[in-house]
Amino acid sequence: MKLLVYGAGVLGSLFAARMYEAGHDVSLLARGGRLTALRRHGVQLAEEDSPAVRRVPVPVVEHPDGGYDLITVFVRTHQVDAVLESLAGLEGDVLFLLNWAAGPETLGAVIGHERVLLGFPAAGGTMDGDVVRYRKSDFITRRVAMPIGEPDGRTTPRLERIVETFRTAGINAKAEPQMDAWLRTHAAFEVPLGQAVHAAGGPVVLADDPDAVRGMLHLMRQNLAAMEAPPVPRAFAALRALPRGLLVAVLRRFLKSPTAVHSGLNDSSPAAAAELERLAEQLRTPAGAR
């Protein structure tokens with residue numbers, strides 16, 4: 001598979017390295033200082049706090065060239081509009097692996113509806129300078145699959161082909177028939193979580209403030225109640241059904257876990273705040289107006 005990975009942050013770098021090591025023709029698109037570092041050292045990976053750094057010589061490009069079998073997009077929500085303009089002139093299917101609650105129509109209107117696929121990355125990690133520190137794999141994380149879907153929910157030959165290609169590269173992918181609803185459900189949870197963590201100064205600090213966690217849970221419940229369709233996965237309905245005290249305890253435990261600590265929740269950058277703001281705007285837009 002000839003693959004372009006658009007976005008060289010944590011998730012794009014991890015994905016590109018895995019696909020490259022699986023023998024695929026991969027190019028990683030990067031700009032500025034990140035481009036310079038990747039050309040000099042390749043993708044540098046380390047497991048959580050391990051001092052051992054592994055370098056993967058993924059080819060990097062500043063500008064895409066020609067057509068691709070698949071273009072995977074790993075950028076922040078508020079950066080998508082600018083990316084769409086450059087994708088319009090390229091050939092190849094486009095899989096958006098990111099936070100997105102505005103529906104596939106806004107994407108297809110620019111690059112062609114027939115090219116769009118939606119998904120969400122299951123991996124996590126943080127940037128430590130030029131080193132990607134990824135979340136350690138365990139029994140639970142290995143069971144969490146990366147959902148990918150067609151906008152209309154069909155299981156098409158191209159979707160099956162992409163899922164199987166990712167699986168052969170060691171990426172646990174699955175076809176998701178309700179990907180748009182999945183992304184809106186995730187945003188309903190992610191926006192209050194990210195904004196509460198950002199306001200507190202980190203997930204562990206937030207965990208030590210039960211009142212703030214209760215406020216966060218209240219906003220999650222409001223978002224889920226405002227959704228036009230039932231949450232996907234259905235397990236998210238538990239955020240509305242289970243007792244508040246139990247959920248607060250579970251959320252506090254999650255916030256102190258390695259999964260939360262070694263994730264983008266610890267990113268306090270202006271870009272992270274801008275993404276949450278854009279995602280919140282998308283959530284407030286009714287389905288019919290998207």
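My aim in this report is to walk through the structure given alongside it, one point at a time. Counting restarts for each chain, with residues numbered from 1 along the sequence as it is written. Owing to the predicted nature of the model, reporting of local features is limited to residues with pLDDT of at least 70; listing and counting of side-chain atom pairs is limited to 80 or more, with chain, interface and lining totals taken over all residues. Heavy atoms from the whole structure form the basis of all side-chain values; hydrogens and water molecules are not counted.

Focus: the nonpolar core
Residues Phe15, Leu28, Ile148 and Phe166 are the most contacted members of the largest nonpolar core, which totals 35 residues. Here a helix means four or more residues in a row that DSSP labels H or I, a strand means two or more in a row labelled E, and each is numbered from the N terminus. Per element, the largest residue contribution to this core is 6 residues, and it comes from helix α1 (residues 10-21). Contacts: residue pairs with any heavy atoms within 4.5 Å of one another. Among residues more than four places away in sequence, those in contact with Ile148 are Leu95, Leu118, Gly119, Leu159, Ile162, Val163, Phe166, Ala173, Lys174, Ala175, Glu176 and Met179. Here, the term nonpolar core denotes a set of buried Ala, Val, Leu, Ile, Met, Phe, Trp, Tyr and Cys residues that are joined through side-chain atoms within 4.5 Å. A 1.4 Å probe rolled over the protein chains alone gives each residue an accessible area, and that area as a share of the maximum for its type sets the label: buried under 20%, exposed over 50%, partly exposed in between. Tyr68, Trp100, Val116 and Val232 belong to the second largest nonpolar core, which has 27 residues in total.

Looking at the pattern of salt bridges
In what follows, salt bridge is the name for a side-chain nitrogen of Lys or Arg lying within 4 Å of a carboxyl oxygen of Asp or Glu. This structure, assessed with the given rule, holds 11 salt bridges. Where Asp152 meets Arg154, a salt bridge forms, and the shortest distance between an N and an O atom there is 2.6 Å. Note on Asp152: relative accessible area 48%, which makes it partly exposed. Taking the shortest distance from any N to any O, the salt bridge between Asp208 and Lys256 comes out at 3.1 Å. Of this pair, Asp208 sits in the loop between α8 (203-207) and α9 (210-226) while Lys256 is found in the loop between α11 (244-255) and α12 (258-261), placing the two residues 48 residues apart along the sequence. What makes Lys256 partly exposed here is its relative accessible area of 44%. Counted as one network, the salt bridges with shared partners bring together Arg76, Asp267 and Glu275.

What to know about helix α3 (residues 80-87)
Every buried residue of α3 is accounted for by Val80, Val83, Leu84 and Leu87. Mapping the buried residues of α3 onto a view down its axis gives an arc of 105 degrees, with all of them on the same face. Seen from the buried face of α3, the exposed residues on the opposite side, beyond 90 degrees, are Ala82 and Glu85. Throughout, the arc means the angular range of directions from the helix axis out to the C-beta atoms.

A short note on the sheet that holds strand β5 (residues 60-61)
Strand pairing follows a simple DSSP-based rule, namely that at least 2 bridges must link the two strands. With mixed pairing, the 8 strands of this open sheet are ordered in space as β5-β2-β1-β6-β7-β8-β11-β12. The open sheet has two edge strands with one neighbour each: β5 and β12 (173-175). Note that strand β8 (residues 116-119) and strand β11 (residues 146-149) share 2 bridges and pair antiparallel. The partner of Leu118 across the bridge, within β11, is Gly149. To get an axis, fit a line to the C-alpha atoms, keeping to the stretch in contact for a helix; angles then go from 0 to 180 degrees between the N-to-C directions. The sheet strands contacting α1 are β1 (2-6), β2 (25-29), β6 (67-73) and β11, and the helix crosses β2 at an angle near 160 degrees. Packing of helix α7 (residues 179-200) onto the sheet brings it into contact with β8 and β11, and relative to β8 it is tilted by some 45 degrees.

Concerning the side chain of Ser27
Considering the arrangement of structural elements, one finds Ser27 in strand β2. The buried category is assigned to Ser27, whose relative accessible area is 14%. With residues near it in sequence (within four places) discarded, Ser27 still touches Leu3, Leu4, Val5, Pro59 and Val61.

Considering the packing of α9 against α11
One way to put it is that α9 packs onto α11 with a least axis distance of 10 Å and a crossing angle of 110 degrees. Between α9 and α11, the angle is such that the two are roughly perpendicular. Along the contact surface, α9 presents Pro210, Val213, Arg214, Met216, Leu217 and Arg221, while α11 presents Arg244, Leu247, Val248, Leu251, Arg252 and Leu255. Residue composition of the contact of α9 with α11, grouped by class: 8 nonpolar, no polar and 4 charged. Roughly parallel means an angle under 35 degrees; roughly antiparallel, over 145; roughly perpendicular, 65 to 115; everything else is oblique. When residues are sorted by character, Ala, Val, Leu, Ile, Met, Phe, Trp, Tyr, Cys and Pro go into the nonpolar class, Asp, Glu, Lys and Arg into the charged class, and all the rest, Gly among them, into the polar class.

Taken by themselves, the reported measurements are silent on function.
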